[in-house]
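# Geometric and topological summary
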Protein chains: 2
Amino acid sequence: MAKKNAVYAQSGGVTPVINASAYGVLVAAQHSDAIAMVFAGYDGINGVLEEKLIDLSQEAPEALAALRHTPAGAFGSARRKLQDVEKDKAAFQRILDVFAAHDVQYFFYNGGNDSMDTVTKLSQFAKAQSFPLQVIGIPKTIDNDLPITDCCPGFGSVAKYNAVSMMEGALDTESMHRDSTKVFVLETMGRHAGWIAAATGLAHRTERDGPHLILLPEVKFDQARFLEALENNVRKLGYCAVTVSEGVQDHEGKFLSEAGGQDAFGHTQLGGAGNYIQELIKRETKLKVHGAVLDYCQRSARHVASTVDVIQAIECGKRAVELATRGGTGRMVTIVREQDSPYTWSLSHTDAANIANKEKMLPEDYIREDGFHVTEGFRNYCLPLIQGEDYPPYEQGLPAYARLKKALAPQKLAPYKK
Amino acid sequence: MAKKNAVYAQSGGVTPVINASAYGVLVAAQHSDAIAMVFAGYDGINGVLEEKLIDLSQEAPEALAALRHTPAGAFGSARRKLQDVEKDKAAFQRILDVFAAHDVQYFFYNGGNDSMDTVTKLSQFAKAQSFPLQVIGIPKTIDNDLPITDCCPGFGSVAKYNAVSMMEGALDTESMHRDSTKVFVLETMGRHAGWIAAATGLAHRTERDGPHLILLPEVKFDQARFLEALENNVRKLGYCAVTVSEGVQDHEGKFLSEAGGQDAFGHTQLGGAGNYIQELIKRETKLKVHGAVLDYCQRSARHVASTVDVIQAIECGKRAVELATRGGTGRMVTIVREQDSPYTWSLSHTDAANIANKEKMLPEDYIREDGFHVTEGFRNYCLPLIQGEDYPPYEQGLPAYARLKKALAPQKLAPYKK
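Residues numbered from 1 in each chain as written. Chains lettered and ligands numbered in written order. Predicted model: local features only at pLDDT ≥ 70, side-chain atom pairs only at ≥ 80, totals over all residues.

With that settled, the discussion passes to the overall build of chain A. For chain A, the count of helices and strands is 12 helices and 15 strands. Relative to the globule expectation of 22 Å for 418 residues, the C-alpha radius of gyration of chain A, 23 Å, shows essentially globular dimensions. Taken along its principal axes, the extent of the C-alpha atoms in chain A is 70 × 45 × 40 Å. In chain A, buried positions account for 61% of the 418 residues. Within chain A, contacts between residues at least 6 apart in sequence are counted, and of these 75% link residues at least 24 apart. (Helix = DSSP H or I, 4+ residues; strand = E, 2+ residues; numbered from the N terminus. Rg over C-alpha atoms; globule rule 2.2 N^0.38 Å. Buried ≥ 20, exposed ≤ 12 C-beta atoms within 10 Å, placed from the backbone. Contact = placed C-beta atoms within 7 Å.)

All names here are of chain A. Domain annotation of chain A identifies domain 1 (4–141 + 305–357 + 390–399) and domain 2 (155–299). Placing the centre of domain 1 and that of domain 2 at their C-alpha centroids yields a distance of 35 Å. Listed as interface residues are nine residues of domain 1 and, on the opposing side, five residues of domain 2. Of all the secondary-structure elements, those providing two or more residues to the side of domain 1 that touches domain 2 are β10 (305–306) and α11 (307–325). In terms of residue class, the side of domain 1 that touches domain 2 is made up of five nonpolar, three polar and one charged. (Domains from an automatic or database assignment. Nonpolar A, V, L, I, M, F, W, Y, C, P; charged D, E, K, R; others polar.)

Our focus in this paragraph is the packing of helix α8 (residues 223–237) of chain A against helix α9 (residues 273–285) of chain A. Residues and elements named next belong to chain A. Running from amino to carboxyl end, α8 crosses α9 at an angle of 75 degrees, the nearest separation of the two axes being 11 Å. One way to sum up the angle between α8 and α9 is to call them roughly perpendicular. Here Q223, L227, L230 and E231 of α8 lie close against α9, whose contacting residues are L280, I281, E284 and T285. Taken together, the residues that form the contact of α8 with α9 break down as four nonpolar, two polar and two charged. (Axes fitted to C-alpha atoms, helices over the stretch in contact; angles between N-to-C directions. Parallel < 35°, antiparallel > 145°, perpendicular 65-115°, else oblique.)

Okay, the interface of chain B and chain A next. Between chain B and chain A, the contact holds 61 residues from the first and 61 residues from the second. Looking at the side of chain B that touches chain A, the elements that each hand over two or more residues are α6 (155–176), β9 (289–293), α10 (296–299) and β15 (398–399) of chain B. No other element matches the 13 residues that α6(B) contributes to the side of chain B that touches chain A. Residues of the side of chain B that touches chain A, tallied by class, amount to 26 nonpolar, 21 polar and 14 charged.

Residues and elements named next belong to chain A. Taken in spatial order, the seven strands line up as β3-β2-β1-β4-β5-β11-β12 in an open sheet, and their pairing is mixed. If you trace the sheet from one side to the other, it starts and ends with β3 (53–55) and β12 (343–351), each paired once. Averaged over all adjacent pairs, the angle separating strand axes in this sheet is 30 degrees, with direction ignored. Sitting on the sheet, α11 touches β2 (35–41), β4 (104–111), β5 (134–139), β11 (331–340) and β12, and the angle it makes with β5 is about 165 degrees. (Pairing = 2+ DSSP bridges.)

Residue and element names in this part refer to chain B. With mixed pairing, seven strands are arranged side by side in an open sheet as β3-β2-β1-β4-β5-β11-β12. On the outer flanks of this sheet lie β3 (53–55) and β12 (344–351), each paired with one strand and no other. Between one strand and the next, the sheet's axes are offset by a mean angle of 30 degrees, whatever the strand orientation. Summarising the sheet, strand β1 (residues 4–10) and strand β2 (residues 35–41) pair through four bridges and their orientation is parallel. Directly across from A6, in β2, lies its bridge partner V38. Packing of helix α11 (residues 307–325) onto the sheet brings it into contact with β2, β4 (104–111), β5 (134–139), β11 (331–339) and β12, and relative to β5 it is tilted by some 165 degrees.

Glancing now at the relation of the copies chain B and chain A. Least-squares fitting of chain B to chain A yields an RMSD of 0.0 Å, with the transformation described by 0.0 Å of translation along the axis and a rotation of 180 degrees. Both chain copies can therefore be described as sitting about a two-fold axis. When each C-alpha of chain B is compared by its distance to the rotation axis, B:V293 comes out closest, at 2.5 Å. (Least-squares fit on C-alpha atoms with pLDDT ≥ 70 in both.)

Turning our eyes to something else, we now look at helix α1 (residues 18–30) of chain B. Residue and element names in this part refer to chain B. The end-to-end C-alpha distance of α1 is 19 Å, a good match for the 18 Å that 13 residues give at a rise of 1.5 Å each. Counting buried positions along α1 yields 11 of 13 residues, so the element is predominantly enclosed. Within the sequence span of α1, burial applies to I18, N19, A20, S21, A22, Y23, G24, V25, L26, A28 and A29. Buried positions along α1 lie against β1, β2, α3 (61–65), β4, β5 and α11. (Expected span 1.5 Å × (residues − 1).)

Each neighbour pair has its own omega, and for A:G210 with A:P211 the value is 0 degrees, a cis peptide bond. For A:P211, the position within the fold is in the loop between α7 (195–199) and β7 (213–215). Phi is positive for A:D43, which is not a glycine, with a value near 60 degrees. You can see A:D43 is positioned in the loop between β2 and α2 (45–49). Despite not being glycine, B:S130 shows a phi value in the positive range, around 55 degrees. Mapping B:S130 onto the fold places it in the loop between α5 (113–128) and β5. The class for B:S130 is exposed, based on 7 C-beta atoms found within 10 Å.

Looking at the secondary structure, you find A:E279 in helix α9. For the pair A:E279 and A:H290, spaced 11 residues apart in sequence, the C-alpha to C-alpha distance is 10.0 Å.

Residues and elements named next belong to chain B. One can describe the packing of α1 onto α11 by two numbers: an axis separation of 7 Å at closest approach and a directional angle of 40 degrees. Relative to α11, the element α1 lies oblique. Relative to α11, the crossing made by α1 is right-handed. Residues A20, S21, A22, Y23, G24, V25, V27, A28 and A29 of α1 form the contact with α11, whose own contacting residues are V310, A313, I314, E315, C316, G317, K318, A320, V321 and E322. Classifying every residue of the contact of α1 with α11 gives 13 nonpolar, three polar and three charged. (Left-handed = near helix turned anticlockwise from the far one by under 90°.)

Moving on, we get to the pairing of β5(A). Residue and element names in this part refer to chain A. When you tally the buried positions in β5, you get six out of six residues, the bulk of the element. Going residue by residue along β5, you find Q134, I136 and I138 tucked away on one face and V135, G137 and P139 tucked away on the opposite face as well. With six bridges joining them, β4 and β5 adopt parallel strand pairing. Looking across to β5, one finds that F107 is bridged to V135. Taken together, β4, helix α5 (residues 113–128) and β5 constitute a β-α-β crossover, and its handedness is right-handed. In the sheet, β5 pairs with β11 via two bridges, with the strands oriented parallel. Note that in β11 the partner of G137 across the bridge is M332. (Right-handed = clockwise from strand over helix to strand, strands pointing away.)

Here we come to the confidence of the model for chain A. Residue-level pLDDT values for chain A average 95, and 97% of them are 70 or greater. The ipTM for the predicted assembly is 0.96, set against a pTM of 0.97. (pLDDT = per-residue confidence, 0-100.)

The subject of this paragraph is the environment of A:A197. All names here are of chain A. Checked against the element boundaries, A197 lands in helix α7. For A197, a count of 31 C-beta atoms within 10 Å gives the class buried. Residues A197 and E168, 29 residues apart in the sequence, show an inter-C-alpha distance of 15 Å. Apart from the residues within four sequence positions on either side, A197 is in contact with T188, G190, I214, L216, T243 and S245.

Next up on the list: α11(A). Residue and element names in this part refer to chain A. Between the first and last C-alpha of α11 there are 27 Å, a value that for 19 residues agrees with the 27 Å anticipated at 1.5 Å per step. Most of α11 sits out of view: 16 of its 19 residues are buried. One or two steps after α11, the chain reaches G327, where phi turns positive at roughly 95 degrees.

Okay, here's the thing in structure tokens:
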């Protein structure tokens, strides 16, 4: 069988381990009898459409090896989502044209639910055109909100980083509370699902440890009950550490970050849910508050990654190559939990259409009855995912993250007009 | 010589390595012929005044050993500053009464410039009363703003954490900038001196690496020049990563965080300097912005501490014991740089009065001529301080930080009335 080329592209918000999946693809492709060269989309699907294909054979082997421990999207990612085939036929056709021009038969798309929609549509479009193409999705999202797969590469590391950050911020507040700050607020990512916010709950191992309260997007925010719980905590311990998901909503389903709260001076308030909660506490309780918003630092915090997460990310990349070279298409690799303790897992795969455009929320039995914390069930689910510390190598005191040349393969087609 | 007891107390904002200095004191005290028991002030000087002395002989040896890698103030810290002796004589007398009741001759005060004021005054007060007391200051501040000492324990680790966080946040922004966020803003601590903000500059090793711009408290904020530099960067690279010190001031010397800026909708703006800069960029450039405020997470980020910093913190604690048991008083341990590369250092000491109430700003020759970045001179100064990764041990996926019992020594005096 003549070898064919492969394209790998990153999609959506990046993670601490998305490049580890790229590394898995590369390693497996090198050992495959079916794959000749691997290209990467420059800025994700944009690079595919524009025939900007990064030629990975021109990168230093050490730089490619360093993908294993490099956060963010080393080739560039994209927020661009393809429409339905009927509406966006030119885009789908263009992708096949680019693939034909570069002898590409394998396409690995590393993303979340939007990307799996593209995997499905592109795979169907190629079939309809009798174009030989294997399209395989590799799961990726810090939000952990893809259905079917037990967890998503990226989540475990972000969960670990946020739990560690909460531990440290809460210890700080505890040690200063006597005559300084009484409340510490940590805002986490997770616009719709509360998995990341919930994960900080792992740090609460004794009554003293934060977080003492967690505000989840799955639980409508009840101001009076929250303030009561907060003040009880401050009365009991002298301080309180609160995790707030950026996606917390009020009773009308409006994000707190858009709820137009007012500060202590009657000014309309801006910023995210964390700021909202801080201002609310200042106004209603007069307690001294500090807050952290880790923002992108959490999404790319590779310096404290979970070993389990890194390995799953790599293995998902490898398995995608195996699926594709055996003729699979329109599928996404999934992670299957075999047991909680000791944690064992394996890989499987599912129709990408089962993933596309769906979100997996935190189930009810993972949320404590009062809505302000997680249950033992959640701990059993989440704890295995943050195990192990996969540290990057350091150079001169800072992580030695990969820096790619991103040399493009020569273009063969006319420029893309969209 | 009959052994006497010692008291150790933490003061001011905590750090990732202040407990490492406590560990140094304990280790040296155990090996000293002069010291019997070591007590720790419960919530710093408050515990001394209130005769709440934590009896460290009741702690598990493993918990005390874990102080070496535990962030924040394990015994509690305090913002309370003693007044002049004339104004606050009762407080000074009370401290001597508590020390007399517990046979204490050695007092180790781990803090910054306010604390060294107390070291000086207490030492003089004891001398005037002919009370045998050795008071030694152990330097501590993430702000790195103490004079005379080359650097301050706490700064190296916070510098490293912030530089790593900037690296990661900037990589994230770079990988997403094509159709998402163009500007990333990281707010760092440092209300008066720009050492921490400057340290993020270590991550800028090539043109592509953030931070591309650093806003320091030592340089008055010039909005027009800043926005021009920002837009130039976005034009050149497609994105821009900006570090903002919380202490940045406008031309009138007003903190940006209090400057009453307005957001894109004309709302008066709240929050810190980072929020201010984010809103300014949104309003004036329409570029998509994200921002992180690490807040206390940076001050207690022990999970990525600098080995050099940890060792200096421990050694400062040990040296304090040596100084005290040789009869020193009113002194603070200092760190002396012998050479930059390879970095070598030693310890010395100075009159605590030389440190008290003084702040060491970033010198002019560490600030790039345009005011938006650091110089090679700063890099040579700072780089040695972030070397080495002193990771804490982990248990079940999270750092195994010390949790002390904090059992108090039996009280012997009437309650303190203030």
